[in-house]
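Structural overview for review
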Amino acid sequence: MTLVSATVRSGTHSPPGGPREKQNRRAGRNAGTWFLVLPALIPILILSVGPLLYGIALAFTDAQSGRTRSTQWVGGLNFQDLLHDTLFWESFRIGLLWAAGVTAPQFVLALGLALLLDQNLRMRWLARALAIIPWAMPEVVVGIMWRLVYNPDAGVLNETIRDLGLGDGRAWLTGLATALPAVIVVGVWAGMPQTTVALLAGLQNTPHELHEAAALDGAGAWRRFRTVTWPALRPVALSITALNFIWNFNSFALVYVLTNGGPGGRTRLPMLFAYEEAFRYGQFGYAAAMGCVMVAVISVILAVHLVGRLRGGEDR
């Protein structure tokens, strides 16, 4: 009888530290983790995921401005119209040119500045503080400041050109050939500090012993950069470049203040085009379809970036 009771008890109750008790502890830890994450997760769901899902749903309707007009479900009609909208695809092409034209020189100049600020220079703290000033300025303020620089009559740029005897200057922001390059210069100047900070952080995480060992082996500056600095900096460089491209492609305030998409649509980025459709012409459903296309493009860029990172991790 005692043997049977012991057998029954051993079959119905797990010993301390058994599988069931471990599962209970794991479930308790998971519940505690979700409880701690929930306060941060709720604002993301309300302010980011919710509007995104609402915007996607809006893209399949004919929503327009006006309270008295009822919204109808139109399926993929907005996307069909978008395929034949040459103005949107032209703005899309301009957006890609803008994003690439800003991201590439932004990275090159930021890399040079980060390498310089990583050196043991006098007053290095002051140089680092001055380097991030454009990043601390709001985009609207940056746009107003550069509009004054590009002013055709009293701007600093044209005044300098006249003083040097190089001509009478140009209407930089209103010329068909100069508007986009002029705006790209502003974008590079405004976004370079954040890239510099990221690259400088990556440089400071590179062990100095590796540089000393390479120098003792007779490696020059370029060889040390190629064999020591760049391999350590590569993950940071890939991440910040992908993020910069996405941020630049989604730019709105800076270009809006500088040119408002002009002249003749030469600086009308996709975000500006969607804004005009929604808030100038009241075509909310059509503008939402444009937003969906932009989200899809950004998702593809992120997917390519993540796949590249994962493959790079496997190679290492």
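Here, the structure is the one placed above.
Cut-offs applied
Residues numbered from 1 in each chain as written. Predicted model: local features only at pLDDT ≥ 70, side-chain atom pairs only at ≥ 80, totals over all residues. Heavy atoms only, no water. Helix = DSSP H or I, 4+ residues; strand = E, 2+ residues; numbered from the N terminus. Buried < 20%, exposed > 50% of the residue type's maximum accessible area, 1.4 Å probe, protein only. Contact = heavy atoms within 4.5 Å. Areas by Shrake-Rupley, 256 points an atom, 1.4 Å probe, with all protein chains shown as cover. Salt bridge = Lys/Arg side-chain N within 4 Å of Asp/Glu carboxyl O. Polar contact = N/O pair within 3.5 Å; in protein donor to acceptor, adjacent residues only side chain to side chain. Axes fitted to C-alpha atoms, helices over the stretch in contact; angles between N-to-C directions. Parallel < 35°, antiparallel > 145°, perpendicular 65-115°, else oblique. Left-handed = near helix turned anticlockwise from the far one by under 90°. Nonpolar A, V, L, I, M, F, W, Y, C, P; charged D, E, K, R; others polar. Core = buried A, V, L, I, M, F, W, Y, C linked by side-chain atoms within 4.5 Å.

1. Brief notes about the overall build of the protein
For the protein, the count of helices and strands is 14 helices and 0 strands. Of the regular secondary structure in the protein, the N- to C-terminal order runs α-α-α-α-α-α-α-α-α-α-α-α-α-α. Looking at the protein as a whole, 33% of its 316 residues are labelled buried. Nonlocal contacts in the protein, meaning residues at least 24 apart in sequence, comprise 64% of its contacts between residues at least 6 apart. Carbon and sulfur atoms provide 66% of the accessible area of the protein, an area that totals close to 19500 Å².

2. So, the environment of Ala127
For Ala127, the position within the fold is in helix α5 (residues 124-131). Sequence separation between Ala127 and Leu117 is 10 residues, and the spatial gap between their C-alpha atoms is 7.4 Å.

3. Digging into the pattern of salt bridges
Going through the model one piece at a time under the given rule, you end up with 4 salt bridges. Put simply, Arg93 and Glu90 hold a salt bridge, and the shortest N to O gap is 2.6 Å. Placement of the pair is Arg93 and Glu90 together in helix α4 (residues 86-117), with a separation of 3 residues, close to one helical turn. Between Arg268 and Glu276 there is a salt bridge whose closest N-O contact spans 3.4 Å.

4. Section: the side chain of Asn158
Among the secondary structure elements, Asn158 is positioned in helix α8 (residues 156-163). Here the side chain of Asn158 touches Arg170 through a polar contact of 2.9 Å, landing on its backbone oxygen. Setting aside chain neighbours within four positions, we find Asn158 in contact with Asn151, Pro152, Gly169, Arg170 and Trp172.

5. Brief notes about the packing of helix α10 (residues 208-216) against helix α11 (residues 221-249)
Two numbers describe how α10 lies on α11: the axes approach to 10 Å, and their chain directions differ by 150 degrees. Classified by the angle between their axes, α10 and α11 sit roughly antiparallel to one another. Crossing of α10 against α11: the hand is right-handed. Mapping the contact onto sequence places Leu210, His211, Ala214 and Ala215 in α10 and Arg224, Val228 and Thr229 in α11. Among the residues forming the contact of α10 with α11, the class breakdown is 4 nonpolar, 2 polar and 1 charged.

6. Looking at the environment of Ala288
For Ala288, the position within the fold is in helix α14 (residues 284-315). Sequence-wise, Ala288 and Asn78 are 210 residues apart; in three dimensions their C-alpha atoms are separated by 8.9 Å. The residues contacting Ala288, other than those within four sequence positions of it, are Gly55, Leu58 and Ala59.

7. Section: unusual backbone geometry
Leaving glycine out, the prevailing phi sign among residues is negative, and the prevailing peptide bond configuration is trans. Of note, the bond from Gly262 into Pro263 is cis; its omega dihedral lies within 30 degrees of zero at -5 degrees. Tracing the backbone through its elements, the reader meets Pro263 in the loop between α12 (253-258) and α13 (270-280). A positive phi angle is found at Asn260, which is not glycine, with a value near 55 degrees. Tracing the backbone shows Asn260 in the loop between α12 and α13.

8. A few points about the nonpolar core
Soluble globular proteins tend to bury their nonpolar side chains together. Within the largest apolar cluster, 41 residues are counted, with the highest numbers of intra-cluster contacts made by Leu82, Phe88, Trp98, Tyr150, Val186, Leu258 and Met290. Mapped by element, the contributors of at least two residues to this core are α4, α7 (139-149), α9 (179-204), α11, α12, α13 and α14. In terms of residue count, the dominant contributor to this core is α14 (8 residues). Judged by nonpolar contacts, the second largest core, of 14 residues, contains Leu199, Leu200, Leu233 and Ala237.

9. Points about the side chain of Thr61
When you line up the elements, Thr61 lands in the loop between α2 (19-58) and α3 (77-83). Here Thr61 falls in the buried class, since its relative accessible area comes to 10%. Of note is the side chain of Thr61, whose polar atom sits 2.8 Å from the backbone oxygen of Leu58. Discounting residues that sit within four places of it in the chain, Thr61 has contacts with Thr71, Gln72, Trp73, Val74, Asn78 and Gly285.

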